[in-house]
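Residue-level structure breakdown
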Amino acid sequence: DPMGNLHMKYFLALAVVALTMLHAHGARADEVTLIAPGGIRDAIQKMIPDFERKTGHTVKAIFGSGGGTKKRVMSGEAFDVPIVQPPLPEVLATGHVIAGTETPLAVVPVAVAVRKGAARPDISTPDAVRKMLLAAKSVAYPDPARGAAAGASFDETLKKLGIAEQMQPRLVRAQGGAGAMTLLAKGEVEIGLTFLSEIHDPGVEVIGLLPREISTPTALVGYVSTHARSPAGSEALLRYLSSPEVAGIYKALGMQPGR
């Protein structure tokens, strides 16, 4: 039966192709674990499917607060790709990351938001921000005591403005950036601050970024871990997360690509 023969040959050819693909992927298809601060979560979650499609690796990502993430990395928990915020020397000193793999991914600024439809205060200068904060009855931001990088950054801003003490009774420390925005959307506070990349609540609107003189954007930097089970997969993931093809994703979420 010539048709049967043809089918058999076709089937064999397909099997060979399938095996070759399996072998190619098998040699390098690993699960790569990643840990990162919440500020970069949305960007990375948008990038993972494309990376997995292109490389055959799978990515298991865990997100936490900036401080919490850093503690876990510095205590030696085994993640393939840790993403941390400065200061970096303390992370390098633990020996849990490979210094030569340092990869700047994105820079995240802190933004000011109000409830949708509320008056938009002027925040164009440090002085305007000081006036805006002193005029507000309540201000929500992510709790720095729980390791929120945006929270720690805003505490620095208050010190630079010289109003840290005066503001204490009006500050509401929320669980992460999303928590701060929920309070704002419900009208429980007048002003909300967190990383621009974390503001998605339809009930709030962004007025703008804090001026650079009083708020240094937080840099997020990736490494390959000394304990990486898949160094090749880890390097491939870092390359992808810092490549020109994903720069648009960072920008769309209000972040500056690190490279």
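Let me begin by describing the structure that accompanies this report. (Residues numbered from 1 in each chain as written. Predicted model: local features only at pLDDT ≥ 70, side-chain atom pairs only at ≥ 80, totals over all residues. Heavy atoms only, no water.)

Neighbouring strands of a sheet are bound in pairs by backbone hydrogen bonds; such pairs are parallel or else antiparallel. Taken in spatial order, the five strands of this open sheet run E7-E6-E8-E5-E9, and their pairing is mixed. A strand with exactly one partner marks an edge of an open sheet, and here the two such strands are strand E7 (171-174) and strand E9 (204-209). For this sheet the average axis-to-axis angle between neighbouring strands, irrespective of direction, equals 30°. With four bridges connecting them, strand E6 (residues 139-142) and E7 associate as parallel partners. Each residue of the ladder has a partner; that of alanine 140, found in E7, is valine 172. Of the strands in this sheet, strand E5 (110-115), E6, E7, strand E8 (191-195) and E9 are in contact with helix H8 (residues 176-185), which crosses E8 at around 160°. (Pairing = 2+ DSSP bridges. Helix = DSSP H or I, 4+ residues; strand = E, 2+ residues; numbered from the N terminus. Axes fitted to C-alpha atoms, helices over the stretch in contact; angles between N-to-C directions. Contact = heavy atoms within 4.5 Å.)

Across all of its chains, the model carries eleven salt bridges by this definition. The salt bridge partner of lysine 54 is glutamate 245, with a shortest N-O separation of 2.9 Å. Residue lysine 54 is found in helix H2 (residues 41-55), and its partner glutamate 245 is found in the loop between helix H9 (231-241) and helix H10 (247-252); the two are separated by 191 residues along the sequence. Among the salt bridges present, the one from lysine 131 reaches aspartate 127, with a minimum N-O distance of 3.0 Å. Here lysine 131 pairs with aspartate 127, and both are found in helix H5 (residues 126-135), just four residues apart, close to one helical turn. The exposure class assigned to lysine 131 is exposed, which follows from its relative accessible area of 56%. A network of salt bridges, in which partner residues are shared, links Asp50, Arg53, Lys54 and Glu245. (Salt bridge = Lys/Arg side-chain N within 4 Å of Asp/Glu carboxyl O. Buried < 20%, exposed > 50% of the residue type's maximum accessible area, 1.4 Å probe, protein only.)

For the pair H5 and helix H6 (residues 149-161), interaxial distance at closest approach is 11 Å and the crossing angle is 105°. As summarised for this structure, H5 and H6 are arranged roughly perpendicular, according to the angle between their axes. Packed against H5, whose contacting residues are Pro126, Val129, Arg130 and Leu133, the element H6 presents Phe154, Leu158 and Leu161 at the interface. (Parallel < 35°, antiparallel > 145°, perpendicular 65-115°, else oblique.)

Before going further, it helps to examine the nonpolar core. Membership of the largest hydrophobic core comes to 53 residues, with the highest contact counts inside it found for Leu34, Ile40, Leu133 and Tyr250. Setting aside its immediate chain neighbours within four residues, leucine 34 contacts Ile44, Val59, Lys60, Ala61, Ile62, Phe63, Val81, Ile83, Leu237 and Leu241. Core analysis: the second largest hydrophobic core is formed by twelve residues, Ala113, Ala140, Ala174 and Ile199 among them. (Core = buried A, V, L, I, M, F, W, Y, C linked by side-chain atoms within 4.5 Å.)

Right, let's get into the packing of H2 against H9. Packing of H2 against H9 leaves a shortest axis separation of 10 Å and a crossing angle of 125°. Here H2 is positioned oblique relative to H9, judged by the angle of their axes. Between H2 and H9 lies a crossing of right-handed hand. Of H9, the residues touching H2 (which contributes Ile44, Met47, Asp50, Phe51 and Lys54) are Gly233, Ala236, Leu237, Tyr240 and Leu241. Taken together, the residues that form the contact of H2 with H9 break down as seven nonpolar, one polar and two charged. (Left-handed = near helix turned anticlockwise from the far one by under 90°. Nonpolar A, V, L, I, M, F, W, Y, C, P; charged D, E, K, R; others polar.)

Now for the layout of surface pockets. If you add up the space inside the largest pocket, you get close to 370 Å³. Going through the elements one at a time, H2, H6 and H8 are the ones with two or more residues in the lining of the largest pocket. Here the element with the most residues in the lining of the largest pocket is H8; it accounts for three residues. Considering only enclosed or pocket space, the second largest pocket measures out at about 190 Å³ in volume. In terms of residue count, the dominant contributor to the lining of the second largest pocket is H6 (six residues). Split by residue class, the lining of the second largest pocket holds five nonpolar, six polar and two charged. (1 Å grid on protein atoms, 1.4 Å probe; cavity = no way out; pocket = protein on both sides within 12 Å on 5 of 7 lines; lining within 4 Å. Points joined across faces, edges and corners; volume = space filled by probe spheres on them.)

Those residues of H5 not exposed but buried are Ala128, Val129, Met132 and Leu133. Summarising the axial view, the buried residues of H5 lie within an arc of 130°, below the 170-degree limit, and thus occupy one face. Turned more than 90 degrees off the buried face of H5, the exposed positions are Lys131 and Ala135. Structurally, H5 contributes buried residues whose contacts are with E5, E6, H6, helix H7 (164-167) and E8. (Arc of directions from axis to C-beta.)

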